[in-house]
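# Examining the three-dimensional arrangement
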Amino acid sequence: MPLVPEFVYVPYVFRFMRSVTMLPARAALLTRASPIWLAVAVGFGLSVATAALYIRTLAPSVMPGDYAEFQLCAAVLGVPHPTGYPLYVLLGKLFTMLPVGDVAYRVNLSSAVYMAGAATMLYAVGIRLAHLMHPMRAHTFALSPRQVAATAAVAALFAVAPTVWSMALVARSYALNALLVGGVLFSLLAWRHTGRPAWFYASCALIGLSMVHHGTTYLLLPAYGLYLLIIEVERHRRRSDLHPMRRRALGALSFLAGLSPLLFLVYRFLFGSPYYWGNPTTWKDFFSLLTGGPFHNQVMGFGTGIDIQLQRVVFGVGELSAQFTPAGIVAGLLGAVILWRTSRDEAALLTLMLLGNFTFAMNYALVGYLYFIPTYLIWALLVLVFVFWVLDRADRAPLPQVRGALIGLTLPVLFVGALVLAVVRYPGVDQSWQTSTRDEALALLNSVPRGASLYLDWEDLSVVRFYRMVYGMRPDLTLYTGDPADWPKWAYCDLQAGRPVYIGEFAGSMPPIIARDFALGPAPSPMVRHVVGVLNSVRYEVPPCGACATCR
């Protein structure tokens, strides 16, 4: 399989870079404001290119664990693990109606679309941020082609960051979360930039949707609230509103409309659902799922000591460096300094968002590295601020040679860097070959005898449940999961009743008691082993009452 996707045409990339860096003869032309259609066209091209890259490397079918659960819930309108993700499920249902691939592929495809949208939203936020950093451009589109190209290049660097790219290929909630965070940022900046109430309403609605979709959004609310307050104070001083209370009331209604997907969870709780994680029976159970109760112990899961927190900061910086390289770390830090000097309100917004997300992600004990994606989006904006500063200094350089060197290096470094990183990371991120989960599950379901009992961990059980509930396969099978310490007594009872028994590994290995007390034979799928007999039947002897001793 080639390392470079077939849609990447290197000569055209270099031709574009040459067109925006031709120096010094075209320097004057390139400092002029570009028409808005150019920025729109570049944004559209970025969206298409990132979507094509993600679709080319997309997982082709069902994946284990949470991936399969999200694919199942989107197909049957079920409720996945906390916090329920109603927006993801409802949008995912629309993707399952597309006439392409199998159901699992269609839900995977939604992540590719969301993350491509997040990269494009980052590009749009960068354009807005550039205008707010230069008040003289407040009511005109005055970015040069170089600045437009630089914004697209930094968005491409975000798109090929390993964690960002990998979460665009599978059915998880992180891509939609990145899109919503980008959408809120764009709406807030557009509200301040244009003063149009429609952007205020959009900000309120998107904040509501973000809160419904992902619990980490609550940590971004102080940043959103502060920035909205700053805008309100500005508008009050300028007397910009004829009816401020009416606008605020409509904003509150927009926020409540954003929360409306929660009604789906309520409906499923009251009237039943084909799948509802944890099977809540009381309102206490419902609110526990809604607030992520079962996972609260994972927050600050590494401890609060100073030495531990320093270790977690080092971990977080290492994750950031793995996405943007050490040079990107330096560029982002310099960009933060520049932003604080030129546009303090936007600097406060991005800094508070960064601190909230970074602090949570570095301390969350369960796959916390995946929660850094909003941090990566914000960091890309800080890198872009630094790039804008370099280009601005190039335009002001008194010597043509200095100006030519700065401009001639900046854009090629960005574009070539994004291309090289994409090529290097492509083999490790690509999921287009990953069909083993589907193949093993189908081999198992197509061959085990009727009425068999399957003992599986969560990762494999989710896959079998997906095929059973989405495609109606093998409703005759009995599925077990949970604590593997309970499996031996259940398996013994099944064998005594004459039922075929198949047991899979738990957390990567066969449960020790199963390996000690039962004879295991080959099975038609690597997912399980066939239990062919009992080695230590004394442990499971039948008492005079006729019931299994371990099951009384």
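See the structure above.
Residues numbered from 1 in each chain as written. Predicted model: local features only at pLDDT ≥ 70, side-chain atom pairs only at ≥ 80, totals over all residues. Heavy atoms only, no water.

## Quick notes on the pairing of strand 5 (residues 529-534)
Condition: At least two bridges found by DSSP between two strands is the condition for calling them paired. Secondary structure elements follow DSSP: runs of H or I of four or more residues count as helices, runs of E of two or more count as strands, with numbering from the N terminus.
Strand direction decides the pairing type here: strand 3 (residues 501-503) and strand 5, joined by three bridges, are antiparallel. Residue Tyr502 lies in a different strand from strand 5, and its bridge partner there is His530.

## Things to note about helix 12 (residues 244-258)
To keep things clear, this is the line we draw: Here the expected span of a helix is defined as 1.5 Å times the quantity of residues minus one. Buried, partly exposed and exposed residues are distinguished by accessible area as a fraction of the type maximum, computed with a 1.4 Å probe on protein chains only: under 20%, between the cut-offs, and over 50%, respectively. To obtain the arc, one takes the directions from the helix axis to the C-beta atoms. Between two residues, a contact is recorded if the distance between any of their heavy atoms is within 4.5 Å.
Compared with the 21 Å implied by 1.5 Å per residue over 15 residues, the 21 Å span of helix 12 between its first and last C-alpha is a close match. All buried positions along helix 12 are accounted for by Arg247, Gly251, Ser254 and Gly258. Down the axis, helix 12 shows its buried residues gathered within 60° of arc, on one side only. Among the exposed residues of helix 12, those pointing more than 90 degrees away from its buried face are Met245, Arg246, Leu253 and Leu256. Buried positions along helix 12 lie against helix 9 (174-194), helix 10 (197-213) and helix 11 (221-238).

## A short note on the packing of aromatic side chains
Definition in use: Here a pair means two rings of Phe, Tyr or Trp (six-membered ring of Trp) with centres within 6.5 Å. Their orientation is stacked below 30 degrees between planes, edge-to-face above 60, and tilted elsewhere. In our convention, an over-ring charge means Lys NZ or Arg CZ found within 6 Å of a ring centre and within 35 degrees of that ring's normal.
All chains considered together, the criterion is met by 31 aromatic pairs. Their ring planes at 25° and their centres at 6.2 Å tell us that Phe372 and Tyr376 sit as a pair that is stacked. Note on accessibility: Phe372 and Tyr376 belong to one class, buried. Among the aromatic side chains, those forming a connected cluster through ring pairs are Phe70, Tyr85, Tyr88, Phe95 and Tyr114. One Lys or Arg, Arg172, reaches over the ring of Tyr67 and ends 5.3 Å from the middle of that ring. The ring of Phe200 is capped by Arg247, whose NZ or CZ atom sits 4.8 Å from the centre of that ring.

## A look at helix 3 (residues 36-56)
Compared with an ideal rise of 1.5 Å per residue, which puts 21 residues at 30 Å, helix 3 spans 30 Å between its outermost C-alpha atoms and is within 8% of the ideal. Along helix 3, the residues that are buried comprise Ala39, Val42, Gly43, Leu46, Thr50, Leu53 and Tyr54. Relative to the axis of helix 3, the buried residues are bounded by an arc of 100° and lie together on one face. Every exposed residue of helix 3 that faces more than 90 degrees away from the buried side is listed here: Trp37, Val40 and Phe44.

## Points about the pattern of salt bridges
What counts here: Here, a salt bridge means any Lys or Arg side-chain nitrogen found within 4 Å of an Asp or Glu carboxyl oxygen.
For the structure shown, the criterion picks out 14 salt bridges. Measuring nitrogen to oxygen at the nearest pair gives 2.3 Å for the salt bridge that ties Arg192 to Glu234. Of the two residues, Arg192 sits in helix 9 while Glu234 sits in helix 11, which places them 42 residues apart along the sequence. The buried category is assigned to Glu234, whose relative accessible area is 18%. The network of salt bridges with shared partners includes Glu232, Arg235, Asp241, Arg247 and Arg248.

## Remarks on the sheet that holds strand 4 (residues 518-521)
To be explicit about the condition: Interaxial angle, 0 to 180 degrees, is taken between N-to-C directions of lines fitted to C-alpha atoms, where a helix line uses only the stretch in contact.
On the basis of which strands lie adjacent, the open sheet formed by five strands has the order 2-1-3-5-4 and mixed pairing. Two strands close off the open sheet at either side, each with one partner strand: strand 2 (478-480) and strand 4. Each neighbouring strand pair of the sheet contributes to a mean axis angle of 30°, computed without reference to strand direction. Sheet topology note: the strand 1 (residues 453-455)/strand 2 ladder contains three bridges and is parallel. Following the sheet pairing, Leu454 is matched in strand 2 by Leu479.

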